[in-house]
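# Geometric and topological summary
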Amino acid sequence: MKRSLSGIQPSGVLHLGNYFGAIKQFIDNQDKTDGFYFIVNYHALTSLSDAEALRKNTYDVVLDFLALGLDPEKSTIYIQSDIPECTELAWILSNVTPMGLLERAHSYKDKLAKGIAANVGLFTYPVLMAADILLYDANIVPVGKDQKQHLEITRDIATKFNLQYGETFVVPEPQIIENLATVPGTDGQKMSKSYGNTIEMFASKKELKKQVMSIVTDSTPLEDPKDPDNNITLIYKLFASEEKVEEMRQKFTAGGYGYGHAKKELLEAILEYFSEARAKREELAKNPEYVEAVLKKGREKARSIARAKIDLVKKTVGLSGNNYR
Ligand code: ADP
Ligand code: TRP
């Protein structure tokens, strides 16, 4: 069975982009692959320096994973920092990683362009991501489109290492679902925790309503025809059948149908789509022992694989293998 592996940063509250771009694929892959899904809290340190917030977000993402349908009987669910071998591997990999490869990374360049003072962690972020993936011989990495280049960096690092030291790592393939590759936010740009344009599937009803109502539209009067491919229909498409979407588009084209009406329909569709997950999350939040048991099981399985791999890599590069080690 092929191994599918992916991580999500606990840098804030998860949103529709994370779900449709990534988590839904994890769940869809569960029966056909050996899944490894984890919360990348070492990565989140590059942008989050509030310890309490990091702890809380990390736990919240575990609850989100389980509530949305990741099944610990089928997939290995764990927290990245429970597997310190990934940082050990990252150091080794950084020695086969050309500076230029990281200097060309869009996500790093975008952050610099936004005036974020870069630390070394932010710069070497893709090497740690490569370590996360290569440590487990993952074949498939389900992600949104924004991670495509990071995956290419992982592939480059694996290929270079294999050439230099002999076949050691599986070169992974990204899994990006084209029509879900970039979920738009309330302002029409890519939905992202860092752009303040998110719709969060586990927000309170009141908050969720506020987020949906904040979707940016133009000021066309109620009676007039409107662009059927506006920010509301683009998000509605994620939830509704083709017929329902077509119905909404036609109402916009006909006129007499306001953005407010459409936002109400969208809100209902979101609540309905996530109703089971929302109820399940409330139950899980009352059962920390269960959540801890899931994480313990995930940690033990992931760690035993990681240890075997790091032992092999250390021998391969000459860090161990002498008679004294
Ligand atoms: P954010 O940009 O909100 O910080 P992350 O970088 O933590 O999100 O992304 C976690 C996963 O969700 C990644 O696989 C990423 O590609 C995916 N993802 C994030 N935002 C979107 C989006 N708007 N559309 C599709 N996928 C997304
Ligand atoms: N860089 C990814 C993101 O921001 C998160 C990530 C870290 C990841 N390690 C990974 C994704 C390994 C897939 C596989 O979304």
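This is a predicted model, so every value here is computed, not measured.

Quick notes on the rules
Residues numbered from 1 in each chain as written. Chains lettered and ligands numbered in written order. Predicted model: local features only at pLDDT ≥ 70, side-chain atom pairs only at ≥ 80, totals over all residues. Heavy atoms only, no water. Phe/Tyr/Trp six-rings, centres within 6.5 Å; stacked < 30°, edge-to-face > 60°. Helix = DSSP H or I, 4+ residues; strand = E, 2+ residues; numbered from the N terminus. Buried < 20%, exposed > 50% of the residue type's maximum accessible area, 1.4 Å probe, protein only. Domains from an automatic or database assignment. Buried area = accessible area lost by both parts, 1.4 Å probe. Polar contact = N/O pair within 3.5 Å; in protein donor to acceptor, adjacent residues only side chain to side chain. Nonpolar A, V, L, I, M, F, W, Y, C, P; charged D, E, K, R; others polar. Expected span 1.5 Å × (residues − 1). Arc of directions from axis to C-beta. Near = heavy atom within 4 Å. Areas by Shrake-Rupley, 256 points an atom, 1.4 Å probe, with all protein chains shown as cover. Core = buried A, V, L, I, M, F, W, Y, C linked by side-chain atoms within 4.5 Å. Contact = heavy atoms within 4.5 Å. Axes fitted to C-alpha atoms, helices over the stretch in contact; angles between N-to-C directions. Parallel < 35°, antiparallel > 145°, perpendicular 65-115°, else oblique.

Before going further, it helps to spend a moment on the packing of aromatic side chains. Tallied over the entire structure, the rule returns 19 aromatic pairs. Judged by centre distance (6.1 Å) and plane angle (85°), the ring pair of F26 and F65 falls under edge-to-face. Residue F26 is found in helix 1 (residues 16-29), and its partner F65 is found in helix 3 (residues 51-68); the two are separated by 39 residues along the sequence. On the basis of relative accessibility, which here comes to 0%, the residue F65 falls in the buried class. Relative to F123, the ring of Y108 lies with its centre 5.0 Å away and its plane at 70°, an arrangement referred to as edge-to-face.

Further remarks concern the domain arrangement of the chain. The accessible area lost on association of the parts is a frequent measure of interface size. Domain assignment breaks the chain into domain 1 (3-182 + 288-317) and domain 2 (203-273). Summed over both partners, the interface of domain 1 with domain 2 buries about 370 Å², with 84% contributed by carbon and sulfur atoms. Interface area lost by domain 1 to domain 2 is led by L16, Y19 and F20, which between them contribute 85%. In this structure, the connection of domain 1 to domain 2 is made through zero residue pairs in polar contact (both at pLDDT 80 or more). Its residues assigned to classes, the side of domain 1 that touches domain 2 shows four nonpolar, no polar and one charged.

Let's shift gears to helix 12 (residues 259-273). In this model helix 12 runs 21 Å from its N-terminal to its C-terminal C-alpha over 15 residues, within 8% of the 21 Å that 1.5 Å per residue would give. Looking at helix 12, one finds that the buried residues are Y259, A262, K263, L266, L267, A269 and I270. Buried residues of helix 12 fall within an arc of 165° about the axis and therefore sit on the same side. Exposed positions of helix 12 whose direction lies more than 90 degrees from the buried face are K264, E268 and E272.

So, about the site of ligand 2. The environment of ligand 2 is made up of 14 residues, and the closest members are Q9, Y125, M129, D132 and Q147. With respect to ligand 2, the side chain of Q147 contributes an N or O atom lying 2.9 Å from a nitrogen atom. If ligand 2 stood free it would expose 360 Å²; the protein chains cover 90% of that surface. Of all the secondary-structure elements, those providing two or more residues to the shell around ligand 2 are strand 1 (3-8) and helix 7 (120-134). The element that contributes the greatest number of residues to the shell around ligand 2 is helix 7, accounting for four residues. Of the residues in the shell around ligand 2, the class split is eight nonpolar, five polar and one charged.

The environment of ligand 1 is formed by 19 residues, the closest being H15, G144, D146, V183 and K193. Here an oxygen atom of ligand 1 and a side-chain polar atom of H15 are 2.7 Å apart. Here S192 contributes a side-chain N or O atom positioned 3.0 Å from an oxygen atom of ligand 1. Against a free-state accessible area of 540 Å², the protein chains account for coverage of 94% of ligand 1.

Within the largest apolar cluster, 52 residues are counted, with the highest numbers of intra-cluster contacts made by L16, F65 and F239. Two domains each donate at least three residues to this core, and these are domain 1 (3-182 + 288-317) and domain 2 (203-273). Contact partners of L16, with chain neighbours within four places excluded, come to G21, V183, M191, I199, M201, I235, F239, I270 and F274. Counting residues in each nonpolar core, the second largest holds 40 residues, with F36, L134, I153 and A306 among its members.

The geometry of helix 11 (residues 242-254) relative to helix 12 is characterised by a closest axis approach of 11 Å and an angle of 170° between their N-to-C directions. The angle between helix 11 and helix 12 places the two elements in the roughly antiparallel class. Residues M248, K251 and F252 of helix 11 touch helix 12, and the partners they reach there are Y259, A262 and E265. For the contact of helix 11 with helix 12, the class distribution of residues is four nonpolar, no polar and two charged.

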